[in-house]
Amino acid sequence: MKYVKVLAALGAVFILTSPASATITADFGWENGATVMGYYGTNVFFDNVMGPQTGLNANVPYDCPGPNSGTHYLKMEENPHSGTPQGYVGFIEGLTDGDVITATLYFYDITDGASPSGRLWGHYGVSGDVNSYSGSPGTGSDYSLGTGWNQVSASWTFDSALNTRDAWILEARIYSSPSTDATVASDIFIDDLHVEVSNDNATITFAPEPASLALLALGGLVLLRRR
C-alpha cells in the first residue's frame, strides 16, 4: 500500500495514509510555531501567533478573533507599503510536465471589496532551493473577500520548460492600499494550507519548527514523501 509519511528534524510529526492513487495531499496550519520558508520583499515580516490579534489596515487597527482552526496561525505584515510582498508557504519538488498542483488557503481580513487582501500564488523553481525562481505562469487565486476568515483556491498545471525546472513554490501575497506609502503598514492573517499534487513521487515541504531550524542551521524541513 502506498502511504505518505511526515518527518521533521526531531522525529515524526504525523502520518497520513492515502489510497493507491497518483495524488498526494498535505495540510499545514502553523501549529509547529513556524512562519515561512522564504519571502520576497524587504518590507515584509512574519510572526506565528496565537489567540486574538490586532492587525493594521494602513495604520488603522482592526481585530482578528483567533485562528481559523487549531491554536496557531500566521501574521503577515507589509511595512511600509511597497510592491507585492510574498511569503513562501510551501515547496513542491520532483515535478514533471502535466502534474497538477491544487492548493487552498484561508486569509483573514475585514476590508470587504478593498485592501488589504490576500492571494494564493506561485512560481517555478528547482528542487533543493526554495529561493529559486524559474518563471511564473502569472495566475493565482481570487482576492480574499474581506469578510473575516475565507478560503481561496488555485490550481496550476506544471510545465518543466524542457526539463529546466522541477519545483513549485507556493506564495501567500498581501495587497495593500495605497500600494506605495512610506508612512503606513498593513497586516493580514493566514491559516490552514491544503495542497494536492497529481504525482505521488513528488515531495511537499512546509516550514520547519523554529527549534529544528536552530539546531540544524539550514533547518530540518517537514517532508511528505511516498515510500
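The model shown is predicted, which means the values in this text are computed figures rather than measured ones.

1. A closer look at the overall build of the protein
Right, on to step 1. Across its full length, the protein carries 1 helix and 16 strands.
Right, on to step 2. Across the 227 residues that make up the protein, the buried fraction comes to 48%.
Right, on to step 3. In the protein, once contacts between residues fewer than 6 apart in sequence are set aside, the share between residues at least 24 apart is 76%.
Right, on to step 4. In the structure as shown, the protein presents an accessible area of about 10,000 Å², 54% of it carried by carbon and sulfur atoms.

2. A few points about unusual backbone geometry
Right, on to step 1. Here N79 and P80 are connected by a cis peptide whose omega angle stands at -5 degrees.
Right, on to step 2. For P80, the location among the structural elements is in the loop between β8 (72-78) and β9 (86-93).
Right, on to step 3. Positive phi is not limited to glycine here, since W30 has a value of about 65 degrees.

3. Regarding the packing of aromatic side chains
Right, on to step 1. According to the stated counting rule, one finds 11 aromatic pairs in the structure shown.
Right, on to step 2. Ring centres 5.1 Å apart and planes at 80 degrees place the aromatic pair Y143 and Y175 in the edge-to-face group. With Y143 in the loop between β11 (117-125) and β12 (148-157) and Y175 in strand β13 (residues 167-175), the pair connects residues that are 32 residues apart, well separated along the chain.
Right, on to step 3. Taken together, Y62, Y73, Y108, W149 and F189 form an aromatic cluster joined through their ring pairs.
Right, on to step 4. The positively charged end of R119 is found above the aromatic ring belonging to Y143, 4.3 Å away from the centroid.
Right, on to step 5. Between R165 and the ring centre of Y124, over which it is positioned, the NZ or CZ distance is 3.5 Å.

4. Considering the nonpolar core
Right, on to step 1. By size, the foremost hydrophobic cluster in this structure holds 42 residues, and its most contacted members are I92, L105, W168 and L170.
Right, on to step 2. Here the element with the most residues in this core is β13; it accounts for 6 residues.
Right, on to step 3. One finds V49, C64, Y73 and F189 within the second-largest nonpolar core, a separate group that totals 7 residues.

5. A few points about the pairing of β8
Right, on to step 1. Summarising burial for β8: 6 of the 7 residues are buried, a large majority.
Right, on to step 2. In this structure, strand β5 (residues 44-50) lies alongside β8, joined through 7 bridges in antiparallel fashion. If you follow V49 over to β8, its bridge partner there is Y73.
Right, on to step 3. Pairing analysis gives 5 bridges linking β8 to strand β14 (residues 186-197), with the strands arranged antiparallel. Bridging across to β14, L74 finds its partner in I190.

6. Section: the confidence of the model for the protein
Right, on to step 1. Averaged over all residues, the pLDDT of the protein equals 87, while 84% of them reach at least 70.
Right, on to step 2. Counted against residues more than four places away or in other chains, residues 1-21, with its pLDDT under 50, gives 46 contacts.
Right, on to step 3. Across residues 213-227, confidence stays below pLDDT 50; counting only partners more than four residues off in sequence or on other chains, it has 50 contacts.

7. Overview of the side chain of Q86
Right, on to step 1. Note on placement: Q86 falls in strand β9.
Right, on to step 2. The exposure class assigned to Q86 is buried, which follows from its relative accessible area of 8%.
Right, on to step 3. A polar side-chain atom of Q86 sits 3.4 Å from the main-chain carbonyl oxygen of T84.
Right, on to step 4. Not counting chain neighbours up to four residues away, the residues in contact with Q86 comprise Y39, Y40, V44, F46, M76, E171, A172 and R173.

Definitions and cut-offs
- Residues numbered from 1 in each chain as written.
- Predicted model: local features only at pLDDT ≥ 70, side-chain atom pairs only at ≥ 80, totals over all residues.
- Heavy atoms only, no water.
- Helix = DSSP H or I, 4+ residues; strand = E, 2+ residues; numbered from the N terminus.
- Buried < 20%, exposed > 50% of the residue type's maximum accessible area, 1.4 Å probe, protein only.
- Contact = heavy atoms within 4.5 Å.
- Areas by Shrake-Rupley, 256 points an atom, 1.4 Å probe, with all protein chains shown as cover.
- Phe/Tyr/Trp six-rings, centres within 6.5 Å; stacked < 30°, edge-to-face > 60°.
- Lys NZ or Arg CZ within 6 Å of the ring centre and 35° of its normal.
- Core = buried A, V, L, I, M, F, W, Y, C linked by side-chain atoms within 4.5 Å.
- Pairing = 2+ DSSP bridges.
- pLDDT = per-residue confidence, 0-100.
- Polar contact = N/O pair within 3.5 Å; in protein donor to acceptor, adjacent residues only side chain to side chain.

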